[in-house]
Amino acid sequence: MNYLSVESITKSFNEKVLFQNISFGIEQGQKTALVGSNGTGKSTLFKILVGSEKPDGGDIVFRNDIKVAFLNQNPTFNEELTIMEAVFDEEKPILKLIRDYEYHISIVDPNTDQQKKLQELIESMDSHNAWDYESRIKQILGKLGIDKFEQKVSSLSGGQRKRLALAKVLVEEPDFLLLDEPTNHLDIETIEWLENYLANQNMTLLLITHDRYFLERVTNHIIELEKGQLFRYQGNYGYYLEKKADREQVEAAEVEKAKNLMRKELDWIRRQPKARGTKAKYRIDAFHELKDKASTDLRKDTLTLDVQTKRQGGKILELEHISKSYGDKHLVNDFSYVFKKNDRIGIIGKNGIGKTTFLNILTKQLQPDSGKISEGVTTLFGYYTQEKVSFDDTQRVIDVVKEVAEVIKLGDGSTISASQFLHRFLFPPDMQYNPVGKLSGGEKRRLQLLRVLIKNPNFLILDEPTNDLDLQTLNILEDFLFNFKGCLMIVSHDRYFMDRLIDHAFVFQGDGVIKDFPGNYTDYRVWKLEVEKEEKIREVPEKNQEKKKEKSEDGKKKKLSFKERREYEELEKEIEMLEAEKEQMLQELNTGDLNHEELAKLGSRIEETDKMINEKSDRWLELAELAD
């Protein structure tokens, strides 16, 4: 069953054709990724699908009985709403019910009609299980790092707005969800939660992302845009890489075969007398088709990274008892480290915990409150910041580079001009003299990276370098960094990127504590899970540890102990009593004798009782399995 049908879509900007007459469909249950190099038209196609951009031609049809939601790169909200109001700003019956309940319970001096309305709302909340729904909404917001529900939207940063928009579309529970770079502005733990959430939800999905682990674990269908054409792969990211290589190999063989045949046909064409030309017109037509096939350009524009690294001396960078706080919030507390040659360090921690502040201290853009930073005389930083550089959109691309250097030294000691280096960075001559404003988001990030590298640094600091870079550019950047001879420090939510390039990590644990962990991100994640598992075991009383073993040594199911049997019987009575208490509270609601304050308290008691019933019922079911 097709949820989306796209037929013969075409889109051009001036003389540049992004894609022409492309068609595809997305079926119910498919989790599809849209991939392609920067500038191929992914974001434009996404905008066309969500209706913010018009195609030059073609048709787009969503199934009319499904709910569609989408997340774009720049979400907008009513600035005066609180976070919870923004989430509930949706005409879904259950959301409207919760919104009405929250409104009426907030009234300080209600009249009789309002008390009656609140009573009706509490009853409706109970009958629709809306208490659990509201709790789930707050859980999603919390998982996305949003916990100040009464905070105004106007006070949120760009990253917080993106997370709020993501929470909003997840809460809506759409049948078909479209996401544009959902992992940007999320820390790694949040990405892993979102990855697991989307992988296990029964929804149809279309997303743009450059996170390869995310692609591997969430998607089961890949659509690739390349040179105005569309290619489809029924599988995840690993399957896509395998089949793409096979396709390119077949294409190369077909083009080579066409070239060989064309040489023979060309010889035949030239030997034919003009008078006989019309007798073999079909063969002449076939020759021209063969010529088109043989002239297919299989060359790819490939980014070339090759810059000279300035030699490092014996002393690189030394940190002695560095501390930095803002008010009561400690971001770095008494941290010391001596950097060594070829250090390859990843920085891990939640958003807002102090990672970027730490980088700014290293590069002397920010002074520590205490401690000493001692830099080697040969150390030359290259700092690629998370914040996008504010280029002058009217300035030419080549002039942006010449501001830093007109001649660039390469790894072999030779030099090339700024224009030649731009060409290696996939900015051909015709693009170099265009204004920066015409570049895509990914192209601007590539230009920002170029400006960092042409300084020939020997200590590279990269703060979220993978944002907005396409998969091809990421692979080439990884190869360059893998062979980089200087020190490397990376902050990135791209786990694949971190795993390949770092050999130890600075883990920001909160309250200014930084742990130096030996290993890459996956090593750290495995270690952390083991630690958390051990902590849980220590927290559980000895009697409960025994209950976790469902089978005894002989493989038979473990029987209830005497204490567990007593607990099992008591739970039945407790659940029965709670159910009766809940029923009594509901009857009390129906009397109409309660004032506003009493109604609010009763609503809270009903919610708390529901929670206790659920918890005790879960435990009862756990023991019931052993009792059978």
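All values reported here derive from a predicted model rather than from experimental measurement.

(A) Spatial organisation of the overall build of the protein. When its secondary structure is counted, the protein shows 21 helices and 20 strands. Restricting to contacts in the protein with at least 6 residues of sequence separation, those with at least 24 account for 68%. As displayed, the protein offers around 32900 Å² of accessible surface, 47% of which is attributable to carbon and sulfur atoms.

(B) Main features of the pattern of salt bridges. By the definition in use, this model includes 26 salt bridges. Across the salt bridge formed by Arg 161 and Glu 79, the nearest N and O atoms sit 2.8 Å from each other. Of this pair, Arg 161 sits in helix H6 (residues 158-171) while Glu 79 is found in the loop between strand E5 (68-71) and helix H2 (83-87), placing the two residues 82 residues apart along the sequence. Judged by relative accessible area, Arg 161 falls into the buried class, the value being 17%. Here Glu 79 falls in the partly exposed class, since its relative accessible area comes to 31%. Asp 479 is paired through a salt bridge with Arg 500; the nearest N and O atoms lie 2.7 Å apart. Of this pair, Asp 479 sits in helix H16 (residues 471-482) while Arg 500 sits in helix H17 (residues 495-501), placing them 21 residues apart in sequence. Here Asp 479 falls in the partly exposed class, since its relative accessible area comes to 36%. What emerges from the salt-bridge pattern is a single network uniting Arg 212, Glu 478, Asp 479, Asp 494 and Arg 500.

(C) Looking closely at the sheet that holds strand E2 (residues 16-27). As summarised here, the arrangement of the 3 strands in space is E2-E1-E4, forming an open sheet in which the pairing is antiparallel. Since the sheet does not close on itself, it has two edges, and those belong to E2 and strand E4 (57-62), each with one partner. Taken over all neighbouring pairs, the strand axes of this sheet differ in orientation by 15° on average, direction set aside. Relative to E4, strand E1 (residues 2-13) runs antiparallel, the two sharing 5 bridges. Counterpart to Ser 5 in the pairing with E4 is Val 61.

(D) Quick look at a negative patch on the surface. A grouping of Glu 85, Glu 102, Asp 132, Glu 150, Glu 607, Glu 608, Glu 615 and Asp 618 is seen on the molecular surface, where their side chains present a negatively charged patch. Relative to the helices and strands, Glu 85 resides in helix H2.

(E) Focus on H16. With 12 residues, H16 extends 16 Å between its outermost C-alpha atoms, agreeing within 8% with the 16 Å of an ideal straight helix rising 1.5 Å per residue. If you check which residues of H16 are buried, you get Leu 471, Thr 473, Leu 474, Ile 476, Leu 477, Glu 478, Phe 480 and Leu 481.

(F) Quick look at the packing of helix H3 (residues 93-105) against helix H5 (residues 130-143). Where H3 contacts H5, the axes come no closer than 10 Å and their chain directions differ by 90°. With respect to H5, the element H3 is oriented roughly perpendicular. Each of Ile 94, Leu 95, Leu 97, Ile 98, Tyr 101 and Glu 102 in H3 lies in contact with H5, whose residues at this interface are Ala 130, Trp 131, Tyr 133, Glu 134 and Ile 137. Its residues assigned to classes, the contact of H3 with H5 comprises 9 nonpolar, no polar and 2 charged.

(G) Layout of the pairing of strand E6 (residues 176-180). Counted residue by residue, E6 has 5 buried out of 5 residues, so it is predominantly covered. Covered by surrounding structure in E6 are Phe 176, Leu 178 and Asp 180 together with Leu 177 and Leu 179, the residues of both alternating faces. The pairing of E5 with E6 spans 4 bridges and is parallel. By the bridge assignment for E6, Leu 71 is matched with Leu 179. Judged from the 5 bridges that link them, E6 and strand E7 (residues 204-208) form a sheet pairing that is parallel. Bridge pairing in E7 places Phe 176 opposite Thr 204. With helix H7 (residues 188-200) bridging E6 and its parallel neighbour E7, the resulting β-α-β unit is right-handed.

Conventions we followed
Residues numbered from 1 in each chain as written. Predicted model: local features only at pLDDT ≥ 70, side-chain atom pairs only at ≥ 80, totals over all residues. Heavy atoms only, no water. Helix = DSSP H or I, 4+ residues; strand = E, 2+ residues; numbered from the N terminus. Contact = heavy atoms within 4.5 Å. Areas by Shrake-Rupley, 256 points an atom, 1.4 Å probe, with all protein chains shown as cover. Salt bridge = Lys/Arg side-chain N within 4 Å of Asp/Glu carboxyl O. Buried < 20%, exposed > 50% of the residue type's maximum accessible area, 1.4 Å probe, protein only. Pairing = 2+ DSSP bridges. Axes fitted to C-alpha atoms, helices over the stretch in contact; angles between N-to-C directions. Patch = residues over 30% accessible without salt bridge, like charges linked within 9 Å, V, L, I, M, F, W, Y side chains within 5 Å. Lys, Arg positive; Asp, Glu negative; His and termini not counted. Charge placed at Lys NZ, Arg CZ, Asp CG, Glu CD. Expected span 1.5 Å × (residues − 1). Parallel < 35°, antiparallel > 145°, perpendicular 65-115°, else oblique. Nonpolar A, V, L, I, M, F, W, Y, C, P; charged D, E, K, R; others polar. Right-handed = clockwise from strand over helix to strand, strands pointing away.

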